[in-house]
Amino acid sequence: AAMYSGASAGPPRRDFISVTLGPEEAIGVGGYNNSKAWRRRSCWRKWKQLSRLQRSVILFLFAFLAVCGVISYTSMGEAWKSITTKSLDDQKTEQAIPRLKLANPAVLPAPQKADANHGEYPELSLQKPPKLPHVRRGPSNLQIKAPQRATRLKARHDTVRAVEELAEVNKVEKTEKSIISWRGAVIEPDQITEPPSNKITEPEKPSSVEAEDQKEPVPINERQLAVIEAFRHAWKGYKDFAWGHDELKPLSKSYSEWFGLGLTLIDALDTMWILGLKEEFEEARKWVANDLVFDKNVDVNLFESTIRILGGLLSTYHLSGDSLFLEKAKDIGNRLMPAFKTPSKIPYSDVNIGRGTAHPPRWTSDSTVAEVTSIQLEFRELSRLTGDEKFQKAVDEVMKHVHTLSGKNDGLVPMFINTNSGQFTHLGVYTLGARADSYYEYLLKQWIQGGKKENELLEDYMKAIEGVKKHLLQRSEPKKLTFVGELAHGHFSAKMDHLVCFLPGTLALGAHNGLSADHMKLAETLIETCYQMYAQVETGLSPEIVHFNLHAQKGHKDVEIKPADRHNLLRPETVESLFYMYRFTGDKKYQDWGWEILQNFNRYTRVPTGGYTSINNVQNPSNPEPRDKMESFFLGETLKYMFLLFSDDIDLINLDKYIFNTEAHPLPIWVPA
Ligand code: DMJ
């Protein structure tokens, strides 16, 4: 090629040169533009010289190469895009992975709180991120091993694959969940729980109850057997005459409706589970599955339906692991939400669960303080389980608002709050009884439920107990019983509701959780008083309200009863406190006191044909005047606490892992002690 260089040979003949010259020579002779035009022409000629077949083959090759080029360009583009948007995708993947972890039923959900935590409860924003399934806390026999598959998902960081695999994992576990593991009276929390943290959207289930988690049942003792017998008798009446209705009327062998939602049946579900009444439980479960319908044009009381229905369904879900109960809990929880649509966000007392409307009672726009501040444990837990923060947001807002309100007296709250203004009304009256009681109980219990981080709850609780000591404690004559009276516009009244007898148990629970030892001392003196409210009465059953004598009078006991107050509704508060006191002290006298009470219920309130009845006159053993009504809390609370009181198994609803709502439905503590 060098010998025919254009530089030495002069202007070439195009045909000859077009065949023999290399590119170097062409550029050297005529410059780049000239040679390009020339090459185009010579190529065209060459093309024309090819046969049709040759041309077709070349064209086909070109077409094939073009297709390949397009394909490889597309995938290069993707690769490029993924490089340039790497940080964004990384974020997405990181978000997706924790979600997957949360969605793994091996760990209970840890929803939200993010917004609600700012400001009022700053500590909550420090809550830990969700844990990997394999780093769960708690005794090893309670830990459910994470499916290996779910762990692998994290390492792979392949979001699409991970989602598919997760669906498979969930499918398998869903099938497992539909089989209820019956553990009767030996209850262990079947999951390690976490405090709220990230928002999640996947519904969660408790971890499956595996064989290795099962313990040998602790034998049931005589007194517990007596409770089981009492429960069965009560249940027989309910089943025979009131099945699926709210309350049994044992004398008239009929029933009464309050909300028309099978209140007694729902309230009793977890009691049956704890007492080990498998057949009864299964039968009741069927009713819940087939007949419990919330889509009804009916007004329900927000507080009562929250503590009994929502609370009962949530605790039964936790104990049984049966998702039916969670589904029902979600349904009723959603239907109760319209109550919070008020100008002040303090909820109305009543909700129509079918229509989705809410309203205050006809005569006032006030709500009861205890009612609006004793629905928090349940709605907070519902948020944690569903990943939907709206439930918790609504109830936390109420607590934050009440925290800042004026009108308290050394931490003691009035009994009413206005749903328009958000202010306390009827100022100046303070009680630990009706309309205020469980406000105090839920301050402590929310603090425990949330892992003892929400300082304002603790602050309000501690202040309130100081307020009780300062304003409401007095001693009676002749026995010098310490009791909790009431304050009305500066005047002390020696009146105490039986409802106040929740207080010794709550104080003991606080002391057990690290609060002042003084609280335990006060609990010990107050439970003695509550016991005397039974022991000093002719039937050995407490009236609804007592008045204590402040001055010794010959022939008078400490406890006086007014004719209007001498009824007994089979209430649980004293037995509840006896249970806490026995758990924390081991002092058998508390069991003995409870045993006396059970015997007196059997003596004066048991109806031979089935069921127990409220009575009108605790002072008349020969005719206690049955009222013909068995309240749902007799099965939901009184008999449950009785059974637990007589048990020596601290793992039968371990108080470091569960917190009882005010209707005795145990809910998990988010970060167990
Ligand atoms: C129950 O519904 C609850 O214990 C509530 O806190 C008070 N009233 C009854 C039992 O007395």
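Residues numbered from 1 in each chain as written. Predicted model: local features only at pLDDT ≥ 70, side-chain atom pairs only at ≥ 80, totals over all residues. Heavy atoms only, no water.

Here we come to the overall build of the chain. Secondary structure assignment for the chain yields 23 helices and 18 strands. Looking at the chain alone, contacts between residues at least 24 apart form 71% of all its contacts between residues at least 6 apart. As displayed, the chain has an accessible area near 28800 Å², and 55% of this comes from carbon and sulfur atoms. (Helix = DSSP H or I, 4+ residues; strand = E, 2+ residues; numbered from the N terminus. Contact = heavy atoms within 4.5 Å. Areas by Shrake-Rupley, 256 points an atom, 1.4 Å probe, with all protein chains shown as cover.)

What follows concerns the site of the ligand. Looking at the ligand, the residues that line it are Ile307, Arg308, Leu499, Arg571, Pro572, Glu573, Phe633, Glu637, Thr662 and Glu663. Within the side chain of arginine 308, an N or O atom sits 3.4 Å from an oxygen atom of the ligand. Within the side chain of glutamate 663, an N or O atom sits 2.6 Å from an oxygen atom of the ligand. Protein coverage of the free-state accessible area of the ligand, which is 290 Å², stands at 92%. Secondary-structure elements contributing two or more residues to the shell around the ligand are α12 (302-320) and α23 (632-645). Across the shell around the ligand, the residue classes break down as 4 nonpolar, 1 polar and 5 charged. (Near = heavy atom within 4 Å. Polar contact = N/O pair within 3.5 Å; in protein donor to acceptor, adjacent residues only side chain to side chain. Nonpolar A, V, L, I, M, F, W, Y, C, P; charged D, E, K, R; others polar.)

Another aspect to go through is the pairing of strand β15 (residues 545-548). Alternating positions in β15 separate into two faces, Ile545 and His547 on one and Val546 and Phe548 on the other, with burial throughout. Sheet topology note: the strand β14 (residues 495-497)/β15 ladder contains 3 bridges and is antiparallel. Its bridge partner being in β15, methionine 496 is matched across the sheet by valine 546. In this sheet, strand β16 (residues 559-560) lies alongside β15 in antiparallel orientation, the contact comprising 2 bridges. Counted as the bridge partner of histidine 547 is glutamate 560 from β16. (Buried < 20%, exposed > 50% of the residue type's maximum accessible area, 1.4 Å probe, protein only. Pairing = 2+ DSSP bridges.)

Core analysis: the largest hydrophobic core is formed by 151 residues, its most contacted members being Phe379, Leu432 and Met496. With near-sequence residues (within four places) excluded, methionine 496 lies in contact with Phe483, Val484, Cys501, Cys530, Met533, Glu544, Ile545, Val546 and Phe548. (Core = buried A, V, L, I, M, F, W, Y, C linked by side-chain atoms within 4.5 Å.)

In this model α12 runs 25 Å from its N-terminal to its C-terminal C-alpha over 19 residues, within 8% of the 27 Å that 1.5 Å per residue would give. Taken as a whole, α12 carries its principal kink of about 30° at glycine 311. Of all 19 residues in α12, 19 are buried; the element is thus mostly enclosed. Capping of α12 at its N-terminal end is provided by asparagine 301; its side-chain oxygen lies 2.9 Å from the backbone amide nitrogen of phenylalanine 303. In the stretch just after α12, glycine 321 is the one whose phi turns positive, near 75°. (Expected span 1.5 Å × (residues − 1). Bend = angle between axes of the 7 residues up to and from the residue.)

This part takes up the sheet that holds strand β7 (residues 416-418). Spatially, 3 strands are ordered β6-β7-β8 in an open sheet, and the strand pairing comes out antiparallel. Because the sheet does not close on itself, it has two edges, and the strands there are β6 (366-368) and β8 (424-425). Judged from the 2 bridges that link them, β7 and β8 form a sheet pairing that is antiparallel. For phenylalanine 416, the partnering residue across the bridge sits in β8 and is threonine 425.

On to the environment of lysine 345, then. Mapped onto the elements, lysine 345 comes out in the loop between α13 (323-336) and β4 (350-352). Residue classification places lysine 345 among the partly exposed positions, given a relative accessible area of 44%. Measuring from C-alpha to C-alpha, the distance between lysine 345 and alanine 394 comes to 7.6 Å, with 49 residues separating the pair along the chain. Once residues within four sequence positions are removed from consideration, lysine 345 is found in contact with Phe340, Glu397 and Val398. At 3.1 Å, the side chain of lysine 345 forms a polar contact with the side chain of glutamate 397.

A word on the side chain of aspartate 270. Relative to the assigned elements, aspartate 270 resides in helix α10 (residues 263-275). A polar atom in the side chain of aspartate 270 sits 2.7 Å from the side chain of lysine 640. Aside from chain neighbours lying at most four places away, what touches aspartate 270 is Ser315, Thr316, Leu319, Lys640, Ala664, His665 and Pro666.

What follows is about helix α22 (residues 588-605). Across its 18 residues, α22 extends 25 Å between first and last C-alpha, which sits within 8% of the 26 Å expected from 1.5 Å per residue. At its buried positions, α22 is contacted by α9 (222-242), α20 (517-535), α21 (573-585) and α23. Two to three positions downstream of the cap, the backbone nitrogen of lysine 589 sits 3.0 Å from a side-chain oxygen, assigning the N-cap of α22 to aspartate 587.

On to the UniProt feature "active site" (unreviewed entry) in the chain. The residues that UniProt annotates with the feature "active site" (unreviewed entry) are Glu304, Asp437, Glu544 and Glu573. The topology assignment puts aspartate 437 in helix α17 (residues 437-449). Setting aside residues up to four positions removed in sequence, aspartate 437 forms contacts with Ala370, Leu432, Leu499 and Phe502. Structurally, glutamate 544 can be placed in the loop between α20 and β15. Classification of glutamate 544 as buried rests on a relative accessible area of 13%. Leave out the neighbours within four places in its chain, and glutamate 544 touches Met496, Asp497, His498, Asp565, His567, Leu569 and Arg571. (UniProt positions renumbered as here; feature names shortened; annotations may be inferred.)

This paragraph deals with unusual backbone geometry. Put simply, glutamate 477 and proline 478 share a cis peptide bond, and its omega is 10°. Mapped onto the elements, proline 478 comes out in the loop between β10 (473-475) and β11 (482-484). Positive phi, close to 50°, is recorded for histidine 426, a residue that is not glycine. Topologically, histidine 426 is positioned in the loop between β8 and β9 (429-430). At lysine 480, a position not held by glycine, the phi torsion is positive, near 55°. For lysine 480, the location among the structural elements is in the loop between β10 and β11.

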